[in-house]
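Here is what each chain is made of, one letter per residue.
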Amino acid sequence: MTSTSWTGAIAAAAARLAEAGVPSPRVDAELLAAHVSGLRRGQLLAADAPGEDHLAAFADLVERRLGREPLQHLTGSAAFRYGELAVGPGVFVPRPETELLVDWALEHLPEGGTVIDACSGSGAIAHAIATERPDSRVWAVEADPDAFEWLESNLQGTGAVPVLADAVAPGTLAELDGQVDLVVANPPYVPMDMEVAPEVDFDPSGAVYADEAGLSVIQPLALRAARWLAPGGWYGFEHDDTHGRAAPEILGVSGFTEVADHDDLAGRSRFTTGKLGLSP
Ligand SMILES: C[S@@+](CC[C@H](N)C(=O)[O-])C[C@H]1O[C@@H](n2cnc3c(N)ncnc32)[C@H](O)[C@@H]1O
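Being a predicted model, the structure only gives us computed values, none of them experimental. (Residues numbered from 1 in each chain as written. Predicted model: local features only at pLDDT ≥ 70, side-chain atom pairs only at ≥ 80, totals over all residues. Heavy atoms only, no water.)

Caption draft 1: Quick look at the overall build of the protein chain. Each helix and strand in the protein chain was counted, giving eleven helices and eleven strands. In terms of overall dimensions, the protein chain is globule-like: its C-alpha atoms have a radius of gyration of 21 Å, near the 19 Å expected for 280 residues. For the protein chain, the spread of C-alpha atoms along the principal axes amounts to about 75 × 40 × 30 Å. Here the analysis covers contacts within the protein chain between residues at least 6 apart in sequence; of these, 62% occur between residues at least 24 apart. Total accessible area computed for the protein chain in this model is approximately 12,800 Å², and 53% of it derives from carbon and sulfur atoms. Across the protein chain, the mean location of the 17 positive side-chain charges is 4 Å away from that of the 42 negative side-chain charges. (Helix = DSSP H or I, 4+ residues; strand = E, 2+ residues; numbered from the N terminus. Rg over C-alpha atoms; globule rule 2.2 N^0.38 Å. Contact = heavy atoms within 4.5 Å. Areas by Shrake-Rupley, 256 points an atom, 1.4 Å probe, with all protein chains shown as cover. Lys, Arg positive; Asp, Glu negative; His and termini not counted. Charge placed at Lys NZ, Arg CZ, Asp CG, Glu CD.)

Dropping the structure here:
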């Protein structure tokens, strides 16, 4: 028998997580308790005291979180817009700021439109577009075979088509050249020498970092997007906050007009968009 309540266990865990510098310690502790108990966060306050097995499982997950394993790896899922993506080792954990790129994408997607999510990872963007706009036809391109396994399973039942390929290779989805209405991408873009949060070490490095000051995928992908798109089609991609000038310049020299850069909710330069010019 144990008399430790969930409230007490969560408070103790939150204090340890806070002391270790884990961001949002209370929420993390509650979400881990909810994961272990099978209860919703709001039910934990009034729940019966957990059994020894649940307390032990909770303690184990809290230790791992103290080691800065991402919360989403511990629960096995990441919330993104209205959906949940399965995530774990081998795939990038979707970030909330990418939801803003999806907002923009949905505003620029015509009825029955064709979409390519060019660096799809877990499929967060493709999943959101395919489920929120079931009239669209969505392709999701991912180059890493490990990430592709997560992508395939996350896109099941959405109608979006996973494609294991290098998005910047000219042959990839070449059958769609000149016909796509919207290309979206959250490519790897962190410059190699950038300091990152400890959790980022659990993402595959090829999902996070890019050579050439973070632009080695962004640059060729702009040209590939220009080939996929129909004249007047839109391209939007996420970038590092140090790319607020370089990213729009790249679109400007790749055939795009109406180029704009957009901030995230923290006011940092986060994604760039442009419309493919009507004639070369
Ligand atoms: C930052 S993650 C983004 C994942 C997902 N779109 C999201 O927003 O959460 C970048 C993804 O692009 C993939 N990737 C990197 N280079 C690629 C390329 N040339 N072609 C296709 N995928 C690529 C990586 O393996 C990784 O899964």
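Caption draft 2: Molecular detail of the pattern of salt bridges. All told, the structure shown has 15 salt bridges when counted by the stated rule. Linking arginine 64 and glutamate 69 is a salt bridge whose minimum nitrogen-to-oxygen distance equals 2.9 Å. Taken together, the salt bridges that share partners define one network made up of Asp28, Arg65, Arg68 and Glu199. (Salt bridge = Lys/Arg side-chain N within 4 Å of Asp/Glu carboxyl O.)

Caption draft 3: Local environment of the packing of helix α1 (residues 6-19) against helix α2 (residues 25-37). Two elements in contact, α1 and α2, have axes whose closest approach is 8 Å; the angle formed by their N-to-C orientations is 135 degrees. Regarding the angle of α1 to α2, the classification is oblique. In terms of crossing hand, the pair formed by α1 and α2 is right-handed. The segment α1 lies against α2, with Trp6, Ile10, Ala11, Ala13, Ala14, Leu17 and Ala18 engaging Pro25, Arg26, Asp28, Ala29, Glu30, Ala33, Val36 and Ser37. Partitioned by chemical class, the residues of the contact of α1 with α2 number eleven nonpolar, one polar and three charged. (Axes fitted to C-alpha atoms, helices over the stretch in contact; angles between N-to-C directions. Parallel < 35°, antiparallel > 145°, perpendicular 65-115°, else oblique. Left-handed = near helix turned anticlockwise from the far one by under 90°. Nonpolar A, V, L, I, M, F, W, Y, C, P; charged D, E, K, R; others polar.)

Caption draft 4: Quick look at the sheet that holds strand β6 (residues 180-185). Read across the sheet, seven strands follow the order β5-β4-β3-β6-β9-β11-β10 without closing on themselves; strand pairing throughout is mixed. Across the chains shown, the open sheet's two edge strands, defined by having one partner strand only, are β5 (161-164) and β10 (256-263). Averaged over all neighbouring strand pairs, the angle between strand axes comes to 15 degrees, with direction disregarded. Both strand β3 (residues 114-117) and β6 contribute to a ladder of three bridges, which runs parallel. Its bridge partner being in β6, isoleucine 116 is matched across the sheet by valine 183. Along the sheet, helix α6 (residues 124-132) contacts β3, β4 (137-142) and β6; its crossing angle with β4, the most-contacted strand, is approximately 175 degrees. (Pairing = 2+ DSSP bridges.)

Caption draft 5: Region of interest: the site of the ligand. Looking at the ligand, there are 18 residues lining it, with Cys119, Glu142, Asp166, Ala167 and Asn186 nearest. The separation between a nitrogen atom of the ligand and a polar side-chain atom of aspartate 166 is 2.8 Å. Against a free-state accessible area of 600 Å², the protein chains account for coverage of 93% of the ligand. A per-class count over the shell around the ligand returns ten nonpolar, five polar and three charged. (Near = heavy atom within 4 Å. Polar contact = N/O pair within 3.5 Å; in protein donor to acceptor, adjacent residues only side chain to side chain.)

Caption draft 6: Looking closely at the side chain of histidine 243. Inspection of the secondary structure puts histidine 243 in the loop between β9 (229-238) and α11 (246-252). Among all residues touching histidine 243, those that are not within four sequence positions of it are Tyr189, Ala213, Gly214, Leu215, Ile218 and Pro248.

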